[in-house]
Each structure stands twice: as structure tokens, then as C-alpha cells.
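Below, each chain spelled out in residue letters.
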Amino acid sequence: MPISPHFACAEPEPETVICRFLSFSKFWDLFANEELYFCRTDLLKEADPQEGLPPEEYARSMLGLTRYDLNDELSLNHHLASDRQFSESYYINCWQLYEAETLHMWKTYGAGVLVFSRFGLLRKSIDSFLDVVHVGKVRYGEKDLRGYNLLDLLFTKRQHFENEQELRIVIECFDPVAGINRHFDLDNFPHREPLDAINPIHEWVHTYKRRRIDLRSIVTELRVSPWATDEQFDEVRLWSRAKNLSSPVKRSELWSSFTPTSNELQL
């Protein structure tokens, strides 16, 4: 199914260099299976509690709700919890618009391998998925939000994430019998999050999806962590040869005897 256009999805130019930081275990998984991994959106709240949700004041403004008014606060709870449950129908795979390597990104998103591609190559690959697919650059801050639209929220993150320069691929997979009411307790009180203990999500709603890709048509370069051992570097080269990739395998640009260790970055 061709990529579905949406006003929230601004695509970069086809020649834009993109990359994905992976731990070694995730790199092995990618190369062994040649599949992109898509995480269910609501599970990303562990890293960002606001993932897929509007800022509270923005929601109040769009919904005409008054802070501290009891009925309005309950209504806000209901809307935010409903948004969270709607987000359970979307699965995300994240890339980055490449500008430069940073130790922060290596440490945060996987001190293993940096996989490079170009947006046009990736787009051509995902355009053949059977799913409804959305792809675009993430915006930061609420200044570009337009109305109250879930996809707009999925492609918007808080301002302090701006240094990540994220590119998102989002696929849709709806639960046909989801009630979007799992946030109500036994007293019919609306909580802000689904109550999984008493209203669990249906067992057929998966935590992730996998979609087949052709690595040779996507990967343009592999760059190994500045903290990788010689054995790990050689193993990445071995995987590249096993997949008949013509793309180069290099050490990180930050690899140096002066580079602080991963543990030193915690100081």
C-alpha cells in the first residue's frame, strides 16, 4: 500500500542522509532477520510519558476546558486516556536526520552500530508495505500543532527532544473490537491511563510489529561505536560481508584514545 500522505507528515528530500543507532543485539536482529522493528506507540511512554499525547494546556484550550473545574478535569482525564488507547493502534520505527555523531546519542540509543541510509531509499522500501504507512519528520514544541489530531500528536514531541532530529515511520494496525474505555474503574471514574490490571488490553494486540526489508537496497554505511572492541568491529564487518553489502564499515568518528568511556559519561 503506498505511503498515506497527511498534513502532519513533512518528508525530507530524497537525498537526505538518515541514520539509526542500534545496540549490538538490535543490529544482529536487524541483519539476521532483515526486518524493521516497530514498537507499539503507547509503550514508548516509559521513555517519554507524553508520547502521543497533547500538552495539557493545549488540550484544555482545544477542548474548551477550565483548569481546576472538577467536571472539566474529569473530561480531560477521559480525553487523554482515550488518546493513549487510540495510540495503541500505531506502531513506530525511528530514524534520525543525520547531522553529526554525539556521545550522548551513542550512549542513549545503543552503543553498537550506526546504520546509515538516505531517505529516498528507505521510502521506496516502506512504500511496498501492506499496512497504511505514514512517514515524516518529527516537530518539536506545540507551535505547529493544528487542531486535535492523533497523527499530528504522533509527529510532535516536546521541545527538549529537539536535538534528536527524529524521522518516524508509523504503521496502522487497529484492534477491530477495541472499546477505548479501559481507563474507567469499577466506580466509573475516568483515569488518565488505561487500567491494565482490571481492564487488560486484548491479547491479540501485539507489543510490536516486524516488516521485511532488503538491507542491500537501504544500507549505505555502517559505523561502529566509539567504545567497540576490535572483536566487535570485526563481527560487524563479517555481518556486512554475509549480507553482500557493498557499503563501507567504519569506526565511529568519535573513536579516539581521548574519548571518555561510557561509564565516565555518567559523571
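Our structure is the block above this text.
Bear in mind the structure is a predicted one, so any value in this text is a computation, not a measurement.

The final tally for this structure, using the stated rule, is 27 salt bridges. We note a salt bridge from arginine 118 to glutamate 15, for which the minimum N-O separation is 3.3 Å. Here arginine 118 is found in strand S4 (residues 113-118), whereas its partner glutamate 15 is found in the segment before strand S1 (17-22), with 103 residues between them in sequence. Here glutamate 34 and lysine 243 are joined by a salt bridge, their closest N and O atoms 3.2 Å apart. Pair noted here: glutamate 34 is in the loop between helix H1 (24-33) and strand S2 (35-40) and lysine 243 is in the loop between helix H8 (230-242) and strand S11 (249-251), with a separation of 209 residues, a long-range link. Note on accessibility: glutamate 34 and lysine 243 belong to one class, buried. Connected via shared salt-bridge partners are Glu56, Glu57, Arg60, Arg67, Glu73 and Arg192.

Moving on to the packing of aromatic side chains. Taken as a whole and assessed by the stated rule, the structure comprises seven aromatic pairs. With 4.4 Å between their ring centres and 40° between their planes, phenylalanine 27 and phenylalanine 31 make a pair best called tilted. Taken as a pair, phenylalanine 27 and phenylalanine 31 lie in helix H1 at a separation of four residues, close to a single helical turn. Between the aromatic rings of phenylalanine 38 and phenylalanine 129, the centroid separation amounts to 6.2 Å while the plane-to-plane angle is 75°, which identifies the pairing as edge-to-face. With phenylalanine 38 in strand S2 and phenylalanine 129 in the loop between helix H5 (119-126) and strand S5 (133-137), this pair connects stretches of sequence that are 91 residues apart. Taking the relative accessible area as the measure of exposure, phenylalanine 38 reaches 0% and is therefore buried.

Take the nonpolar core next. Ranked by internal contacts, the top residues of the largest apolar core, which has 35 residues, are Leu36, Trp95, Val115, Leu122, Ile126, Ile169 and Leu222. By residue number, the principal contributor to this core is H1, which donates four residues. Ile92, Leu150, Leu154 and Val170 belong to the second largest nonpolar core, which has eight residues in total.

This part covers the packing of helix H2 (residues 56-63) against helix H3 (residues 70-86). One can describe the packing of H2 onto H3 by two numbers: an axis separation of 11 Å at closest approach and a directional angle of 110°. By the angle class used here, H2 and H3 are roughly perpendicular. Note on element contacts: H3 touches H2 through Glu73, Leu76, His79 and Leu80, opposite Glu56, Ala59, Arg60 and Leu63. The residue makeup of the contact of H2 with H3, split by class, is four nonpolar, one polar and three charged.

Here is what the cut-offs are and how they apply
- Residues numbered from 1 in each chain as written.
- Predicted model: local features only at pLDDT ≥ 70, side-chain atom pairs only at ≥ 80, totals over all residues.
- Heavy atoms only, no water.
- Salt bridge = Lys/Arg side-chain N within 4 Å of Asp/Glu carboxyl O.
- Helix = DSSP H or I, 4+ residues; strand = E, 2+ residues; numbered from the N terminus.
- Buried < 20%, exposed > 50% of the residue type's maximum accessible area, 1.4 Å probe, protein only.
- Phe/Tyr/Trp six-rings, centres within 6.5 Å; stacked < 30°, edge-to-face > 60°.
- Core = buried A, V, L, I, M, F, W, Y, C linked by side-chain atoms within 4.5 Å.
- Axes fitted to C-alpha atoms, helices over the stretch in contact; angles between N-to-C directions.
- Parallel < 35°, antiparallel > 145°, perpendicular 65-115°, else oblique.
- Contact = heavy atoms within 4.5 Å.
- Nonpolar A, V, L, I, M, F, W, Y, C, P; charged D, E, K, R; others polar.

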